[in-house]
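# Coordinate analysis (summary)
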Amino acid sequence: MDKTIAKENLKCYYKITNDNSFNCVLIYGTLLGFKRESDFISYDEDIDIGLPASERLRWERLIHLFKKEGFEVMRSDRDLISLSRNGEYIDTYFFRPFLWYYINHRQIIQRNYILDVEQGLFQGIEVYIPKETISFLQSHYGSDWMTPKQNQPGKSTDTIFGIVKKLLRRILLNQNY
């Protein structure tokens, strides 16, 4: 990753999205770099952003603004739009509701990681991060998330089966969920 270009791209991305009242949340490797290194992870391949799927149509209306700034849409599917500028990518993941979670083609995560956010300063850019950043990183990268591990992608600790199992356990134990 060219960190200089990545920083320029992230700054431009947040300028456009913040000007249009989006709370685009750093996730995955970008959030890991924010928290662990206060920088982009040099061996990461892209910038990762999360939004609820309910914001997708409104977000797509910004594509002309991204194009005006030199971004190209490189990929678009149900849960992801990937933008590129000067050889560096920004992936925006759109998470759909599933019970008390959010799901996309990559992972199931707790809704609060996307909905309950706060501002943070990353490379001089005001960004949004989950209020429970540590919990997100532990659930995605494990309890040793502070230890750099090149070429080891994060893993989902929540599966549909696991979520249903937790839900049934709480119902059977008469606990509030």
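Below is a summary of the structure that appears in this document.

Reading the values: rules and limits
Residues numbered from 1 in each chain as written. Predicted model: local features only at pLDDT ≥ 70, side-chain atom pairs only at ≥ 80, totals over all residues. Heavy atoms only, no water. Core = buried A, V, L, I, M, F, W, Y, C linked by side-chain atoms within 4.5 Å. Buried < 20%, exposed > 50% of the residue type's maximum accessible area, 1.4 Å probe, protein only. Contact = heavy atoms within 4.5 Å. Helix = DSSP H or I, 4+ residues; strand = E, 2+ residues; numbered from the N terminus. Polar contact = N/O pair within 3.5 Å; in protein donor to acceptor, adjacent residues only side chain to side chain. Pairing = 2+ DSSP bridges.

## Observations regarding the nonpolar core
Grouped together as the largest cluster of nonpolar side chains are 46 residues, with contacts concentrated most on L10, Y13, Y14, L26, I49, W59 and V127. Filtering out sequence-adjacent residues up to four positions away, L26 remains in contact with L10, Y14, L31, F34, D48, I49, F122, V127, Y128, I129 and P130.

## Considering the side chain of S139
Looking at the secondary structure, you find S139 in helix α6 (residues 133–141). Among the polar contacts listed, one links the side chain of S139 to the backbone oxygen of F136, at a separation of 2.9 Å.

## Focus on the pairing of strand β9 (residues 125–130)
Within β9, 5 of the 6 residues are buried, which leaves it mostly tucked inside the rest of the structure. One ladder, built from 6 bridges, connects strand β8 (residues 117–122) with β9; its direction is antiparallel. Counted as the bridge partner of L121 is E126 from β9. In textbook terms, the turn of a hairpin is the stretch between consecutive antiparallel strands, and for β8 and β9 this stretch comprises 2 residues, one of which, Q123, has a positive phi near 55°.

## A word on the environment of T133
Mapped onto the elements of the fold, T133 is located in helix α6. On the basis of relative accessible area, T133 is assigned to the buried category, the value being 5%. Taking the C-alpha atoms as reference points, T133 and V117, separated by 16 residues in sequence, lie 9.1 Å from one another. Aside from chain neighbours lying at most four places away, what touches T133 is L31 and K35. From its side chain, T133 meets the backbone oxygen of P130 in a polar contact 2.6 Å long.

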